[in-house]
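Topology and contacts: notes
Here is how the chains run, residue by residue.
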Protein chains: 2
Amino acid sequence: MPKAVQSDIDIAQKAKMHHIRDIAAKLGLGDDQLEPYGKYKAKLPLALAEKDQCKYGKLILVSAITPTPAGEGKTTVSIGLNDGLNRIGKKSMVVLREPSLGPVFGIKGGATGGGYSQLLPMEDINLHFTGDFAAIEKANNLLAALIDNNLQSKNRSLNLDGRTVAWKRVMDMNDRSLRRLVCGLGGLAHGVPRETGFDITAASEIMAILCLADDLPDLKRRLGDIFLGFTFAREPIHARDLNAQGAMAALLKEAVKPNLIQSLEGNPAIMHGGPFANIAQGTNTVIATRTGLCLADYVVTEAGFGFDLGGEKFLDIKCQSAGFDPCAVVLVATVRALKYHGGVELAHLPVPNAKALSRGLENLTKQIENVRLFHLTPIVAINRFATDTDEEHQVILDHCQFMGVQAAVMEAWEKGGEGAEELAELVAATADQCTAHYKPLYDWNQSVREKIEIIATRVYGAASVEYAPGALKDLEKVKQLGLEGLPVCIAKTQSSLSDQPGLRGRPRDFVATVREVEIASGAGFLVPITGNMMRMPGLPEVPSAEKIDIDEKGVISGLF
Amino acid sequence: MPKAVQSDIDIAQKAKMHHIRDIAAKLGLGDDQLEPYGKYKAKLPLALAEKDQCKYGKLILVSAITPTPAGEGKTTVSIGLNDGLNRIGKKSMVVLREPSLGPVFGIKGGATGGGYSQLLPMEDINLHFTGDFAAIEKANNLLAALIDNNLQSKNRSLNLDGRTVAWKRVMDMNDRSLRRLVCGLGGLAHGVPRETGFDITAASEIMAILCLADDLPDLKRRLGDIFLGFTFAREPIHARDLNAQGAMAALLKEAVKPNLIQSLEGNPAIMHGGPFANIAQGTNTVIATRTGLCLADYVVTEAGFGFDLGGEKFLDIKCQSAGFDPCAVVLVATVRALKYHGGVELAHLPVPNAKALSRGLENLTKQIENVRLFHLTPIVAINRFATDTDEEHQVILDHCQFMGVQAAVMEAWEKGGEGAEELAELVAATADQCTAHYKPLYDWNQSVREKIEIIATRVYGAASVEYAPGALKDLEKVKQLGLEGLPVCIAKTQSSLSDQPGLRGRPRDFVATVREVEIASGAGFLVPITGNMMRMPGLPEVPSAEKIDIDEKGVISGLF
């Protein structure tokens, strides 16, 4: 495999890109419908996503088993599957999330796929892209500045009790030192001292709002609905009370438009929005998905980390909110992750170990069951790694056959769309046969505790749910604010089906603990937080940033 | 004047813009040399600014008398002058700074000119533009995250003494609550607690570096040279010790390229870089100015606030560093600012008051003298306001004649380039006659105190300079680091020729006080700080943000 030894960025930089005009032309879009950002990126107009103005294509969700810390290549599979669908003659698009700079400078790297299954221009997408994250950050932080300015205000004070303000500032950076801080120090002229902190931008409620908004008016309404805290008289204060929503929406005027790019094989792709599925709803924007559904016959989209996190939220929140009806779910599985679930340590994953693999299959089993809870058809994609053996693949294929699930080994990383043709055929056939509607797991009108418990017991496999005293208080607050009808977006570790990162495979008989319940009334969901989820990551001992460089010609190295 | 009652944004939104391709064509640039950002903005390639690769046009600096808090319309004059030069048949460009979001949401508004002398697209330029500020912010904050990560590091610690770290984070926002804070709270896993804060992005040393860099390699070298603090053994630590410069430069790969836009009259303009001249060197980038000089016969550029701040720095730092040789200096004066210097309060400025006006002329006199200190020819542009009387204009014109200075009333705000033709004729004639080189005020090799004292006594008019104990300590540090050969970029109030905001007119016999001396070894200057300069503004009681809105069609209102 001489091709495979090249790094992702080498492959990306050697690729001959098409002008974004030509990519748009494949979708029947003219030059006047594009707002180019350089020669290879463009914003698409909002008009393409006007509700009920087009016939939707088939929506295909790519999710995964519970991943190892390195990730199982969901994005690579999504891009490859789309290239594969195009190769077998389907008009297909892939619609994905944007990368966050935190992982780019930290450990995990970018989010443009890998090997011969990548989106381009790789460097641009991983560094600022079209400025969407920066705009979201600014809108979030404008609201924070307006809050602190009101606390300081003599004549226009809303009597907001600063101790009740949960709104934090955000930065698209892994910066643990900003998690908890005391601001407003220095005396009378420098604000009101209070404890607050920064989250990473992907965790901002503004990101969630952008991802769930139907259009500009809906975006502005949601921005105004953001709950900020209580007055000293315990009256709720929202962003609209600060007249913040107009300026915030103006800051988002370009960020709300989907971004058109291309794959290595020259197929159109949309990348838009970038929340994390462990702490937010985790998928690209409703506007982007709808744009894709209006432009193509098949739309491949992704929700991670595992199906228990991203898949559940995609189906119970995003699809419900937007009126999408997905037709098939691809579950990405890897030999190494299954061995990991079977008890093998990270360093030993490349070594063949059929026994551990068999043990680890219980995680795949549970995620297949989870897909079926929604009355959807799972298809397993085995994302091939160079260290895999054919015997190991056969163990997984046999298990899928036993469970009545179609499965294919996919080699898009090494071979691009050609390596995903078998999977593409399976997926297209499943999507074409799909007639019934999928069934969400719960009714938004159920009680908050019922909603949490349905997800925890049926999807995560918990025996029961416990609530910390703070969480019970939060539930009272939710009731007081009349927000019990919102869906729940549970924050949970991505490393386990349970809320305990150390529990691999298929944990049973565990008690899920809800520590607190955050209110995201603008986004339109509640966030029950389990375990020790952090919304601002830290950098590792050796940050990837140290290896990133640019030469005198502007050529970048060290991104992956 | 029915035209004049329209707001700036109304005028801007009614304008018919040309495609940026067509604007570029006026400069002889082809489509392949542009990186479009939408239809009306584009990045220009760095190759256009390669040193010594072209014949330079004539460089014209627009500066001003000491302004009132509302500003005297320097940007409006610069844009109008350029439109005027184009009207009289000259191949001219205007090269300006980018707006900061702080003033946009605060009080002062954007930075695209006003009336019929504006740059377009006004909303885009004032909101994110092409993402340059966001990239600078990110590069600045990546360095901060790497510093705090190193403080937290077990195995790769540089033994940096966190108490010596002056590097702050930045945000493009007026947010006083972030001026002083304690970060790293929460325990072992959440960083090392220390006192720090945020500056506004325009005040970042990264902004200064971007503005002074010759090219990409020079940018990277300067980034690596940023001084961060001392180890516990009192060894200096620089950004290169954290291997930060490569990733920072990669983050700036697009921000380093100049932005091409257009004026209301369809003339090409470049806008790039955005430092404040009260706390940084205050002018657009060297790369942008050089690009302009290579593309046009005349380049109009701006340095504010007053000539004492922006003009001095432009000539002693930027032109020296880049090898530019300006040919003329336009001093913008307004009737209202001169009356303000004559003792009239802000609310009464519209009322005719010849006596106060005459008294206030001493500020203009001093700024004219200041221009002549550099062996340059001043031209006075009287920026006409609707409340001005002809008699008031005549008082100023007579004074200029007395001083041997050419002057013109300019009406670009009301009439566009047509209102600036007389000024354009004067400026073109002066620039065409310019043969001698300008003379900087000091030699970089003089001692730091000599350099400070030359500027303070000769330009500001101080009787002497005093140093606070902290400043003397800082000067020791400068010596220890071997940085005495750097030029000085004095931070001083923009509201007075002196370092005391309340002193109007032409203050004499005052003592300028240097409170501290900051080191910007990457930018390549020292920052003696006088008075109470703050690098992070606050929002007013009624922030402009409250009036900014966007409608369902994406049309923005409330920007100015």
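Owing to the predicted nature of the structure, the values given are computational and were not obtained by experimental measurement.

On to the overall build of chain A. In terms of helices and strands, chain A carries 18 helices and 23 strands. Here the C-alpha radius of gyration of chain A, 23 Å, is about what a compact globule of 560 residues would show, namely 24 Å. Viewed in the frame of its principal axes, chain A has a C-alpha envelope of about 70 × 55 × 50 Å. Put simply, chain A has 560 residues, and 64% of those count as buried. Considering only residue pairs separated by 6 or more positions, chain A has 75% of its internal contacts joining residues 24 or more positions apart. Accessible surface, chain A as shown: approximately 18,900 Å² in total, 50% of it carbon and sulfur. Considering chain A, the positive charge centre built from 60 side chains and the negative charge centre built from 67 side chains are found 3 Å apart.

This part covers the state of the cysteines. Between two cysteines, a covalent bond joining their sulfur atoms is known as a disulfide. Within the structure shown, the criterion is met by two disulfides over all chains. Put simply, Cys54 of chain B and Cys294 of chain B are joined by a disulfide, and their sulfur atoms are 1.8 Å apart. Note on the Cys54 of chain B and Cys294 of chain B pair: the S-S dihedral is about -60°, so by sign convention the disulfide is left-handed. One end of the pair, Cys54 of chain B, is in the loop between β2 (42–43) and β3 (58–64); the other, Cys294 of chain B, is in helix α10 (residues 286–295), and 240 residues separate them in sequence. Owing to a relative accessible area of 28%, Cys54 of chain B belongs among the partly exposed residues under this scheme. In this structure Cys319 of chain A is not part of a disulfide, and its nearest cysteine sulfur, from Cys327 of chain A, lies 11 Å away. Here Cys183 of chain B is not disulfide-linked; the sulfur of Cys183 of chain A is the nearest cysteine sulfur, at 12 Å.

Moving on, we come to the environment of Ile270 of chain B. All names here are of chain B. Looking at where Ile270 falls in the secondary structure, it is placed in strand β14 (residues 268–271). Given the relative accessible area of 0%, Ile270 is considered buried. Considering only alpha carbons, one finds Ile270 and Glu98, 172 residues apart in sequence, at a separation of 9.4 Å.

Now for the packing of aromatic side chains. Applying the stated criterion to the full structure yields eight aromatic pairs over all chains. With 5.8 Å between their ring centres and 80° between their planes, Phe307 of chain A and Phe374 of chain A make a pair best called edge-to-face. Of this pair, Phe307 of chain A sits in helix α11 (residues 307–322) while Phe374 of chain A sits in the loop between α13 (354–373) and β17 (378–383), and the two are 67 residues apart along the sequence. This pair shows no difference in class: Phe307 of chain A is buried, exactly as Phe374 of chain A is. Here Lys492 of chain A stacks its cationic end above the ring of Tyr460 of chain A, 4.7 Å away from the centre of that ring. The positively charged end of Arg504 of chain B is found above the aromatic ring belonging to Tyr340 of chain B, 3.7 Å away from the centroid.

All names here are of chain A. Domain annotation for chain A reports domain 1 (8–25 + 38–130 + 255–433), domain 2 (132–252) and domain 3 (448–529). Placing the centre of domain 1 and that of domain 2 at their C-alpha centroids yields a distance of 33 Å. Tallying the contact residues gives 32 residues for domain 1 and 21 residues for domain 2. Taken together, both faces of the contact between domain 1 and domain 2 bury some 1,900 Å²; the carbon and sulfur share is 59%. Area buried by domain 1 at its contact with domain 2 is led by Ala255, Val256 and Gln281, which between them contribute 25% of it. The interface formed by domain 1 and domain 2 holds two salt bridges in total. Salt-bridge contacts for Asp132 lead to Lys43; the nearest nitrogen and oxygen are separated by 2.5 Å. At the boundary of domain 1 and domain 2, one finds ten residue pairs in polar contact (both at pLDDT 80 or more). When residues of the side of domain 1 that touches domain 2 are traced back to their parent elements, those giving at least two are α4 (101–105), α10 (286–295) and α11. Top contributing element to the side of domain 1 that touches domain 2 by residue count: α4, with four residues. Broken down by class, the residue content of the side of domain 1 that touches domain 2 amounts to 13 nonpolar, 14 polar and five charged.

Moving on, we get to the relation of the copies chain B and chain A. There are two copies of the chain, and a rotation about an axis plus a shift along that axis relates them. When chain B is fitted to chain A, the residual RMSD is 0.0 Å, and the transformation amounts to a turn of 180° plus an axial shift of 0.0 Å. Viewed as a symmetry operation, the transformation between the two copies matches a two-fold axis. No C-alpha of chain B lies nearer the rotation axis than that of Tyr37 of chain B, which sits 2.2 Å from it. Both copies contact each other with a shared surface, as 99% of the interface residues of chain B are interface residues in chain A too.

In this complex, chain B contributes 78 residues to the contact, which on the side of chain A involves 77 residues. Between Glu137 of chain B and Lys138 of chain A there is a salt bridge, with its nearest N and O atoms 2.8 Å apart. Linking chain B with chain A are 44 residue pairs in polar contact (both at pLDDT 80 or more), by the criterion used here. Residue contributions to the side of chain B that touches chain A peak at eleven residues, all from helix α6 (residues 132–152) of chain B. Residue classes in the side of chain B that touches chain A are distributed as 37 nonpolar, 16 polar and 25 charged.

Turning our attention to the sheet that holds strand β20 (residues 511–520) of chain A. In sheet architecture, strand pairing relies on hydrogen bonds along the backbone and comes in two forms, parallel and antiparallel. All names here are of chain A. Pairing is mixed across the open sheet formed by three strands, whose spatial order is β19-β20-β21. Where the open sheet ends on each side, the last strands, each with one partner, are β19 (464–467) and β21 (525–530). Each neighbouring strand pair of the sheet contributes to a mean axis angle of 45°, computed without reference to strand direction. Of the pairings in the sheet, the one linking β19 to β20 comprises four bridges and is parallel in character. Pairing of Glu466 across the sheet is with Thr513, part of β20. Taken strand by strand, helix α18 (residues 469–480) contacts β19, β20 and β21, and its axis lies near 40° from that of β20.

Definitions and cut-offs
- Every chain begins its residue count from 1, and numbering advances along the sequence as written.
- Each chain gets a letter, beginning with A, and each ligand a number, beginning with 1, in the order they are written.
- With the structure being a predicted model, the display of local features is reserved for residues of pLDDT at least 70 and the display and counting of side-chain atom pairs for 80 or more, all residues being used for whole-chain, interface and lining totals.
- Neither water nor hydrogens contribute to the side-chain values; these are computed over all heavy atoms in the structure.
- In this description a helix means any DSSP run of H or I spanning at least four residues, a strand means any run of E spanning at least two, and both kinds are numbered starting from the N terminus.
- Note on method: radius of gyration uses C-alpha positions; expected globular size equals 2.2 Å times residues raised to 0.38.
- Accessible area is worked out with a 1.4 Å probe on protein chains only. A residue is then buried under 20% of its type maximum, exposed over 50%, and partly exposed in between.
- Residues count as neighbours in contact if any of their non-hydrogen atoms are within 4.5 Å of one another.
- Surface accessibility follows the Shrake-Rupley procedure with a 1.4 Å probe radius. Residue values consider only the protein chains on display as shielding.
- In this charge count, Lys and Arg are treated as positive and Asp and Glu as negative; neither His nor the chain ends contribute.
- Where a charge lies is defined by one atom per residue type: Lys uses NZ, Arg uses CZ, Asp uses CG and Glu uses CD.
- Note on terminology: pairs of cysteine sulfur atoms within 2.5 Å are recorded as disulfides.
- The pairing test for Phe, Tyr and Trp rings, Trp by its six-membered ring, is centres within 6.5 Å, and the orientation test on the planes gives stacked under 30 degrees, edge-to-face over 60, and tilted for anything in between.
- Should the NZ of a Lys or the CZ of an Arg lie within 6 Å of a ring centre and within 35 degrees of the ring normal, that charge is described as sitting over the ring.
- Source of the domain bounds: an automatic or database domain assignment.
- Buried area is calculated as the accessible area (1.4 Å probe) missing from two parts once they are joined, with the contributions of both summed.
- The salt bridge definition used is simple: a Lys or Arg side-chain nitrogen within 4 Å of an Asp or Glu carboxyl oxygen.
- As used in this structure description, the phrase polar contact means that two N or O atoms lie within 3.5 Å; if the pair is within protein, one of them must be able to donate a hydrogen and the other to accept it, and residues adjacent in sequence are counted only when both atoms belong to side chains.
- For this scheme, ten residues count as nonpolar: Ala, Val, Leu, Ile, Met, Phe, Trp, Tyr, Cys and Pro. Four count as charged, namely Asp, Glu, Lys and Arg, and the remainder, Gly too, count as polar.
- For the least-squares superposition of copies, only C-alpha atoms count, and only for residues with pLDDT at least 70 in both.
- Here the rule is simple: two strands pair whenever DSSP picks up at least two bridges between them.
- In this analysis, axes come from line fits to C-alpha atoms, helices being fitted only over the stretch in contact, and the angle between any two N-to-C directions falls in the range 0 to 180 degrees.

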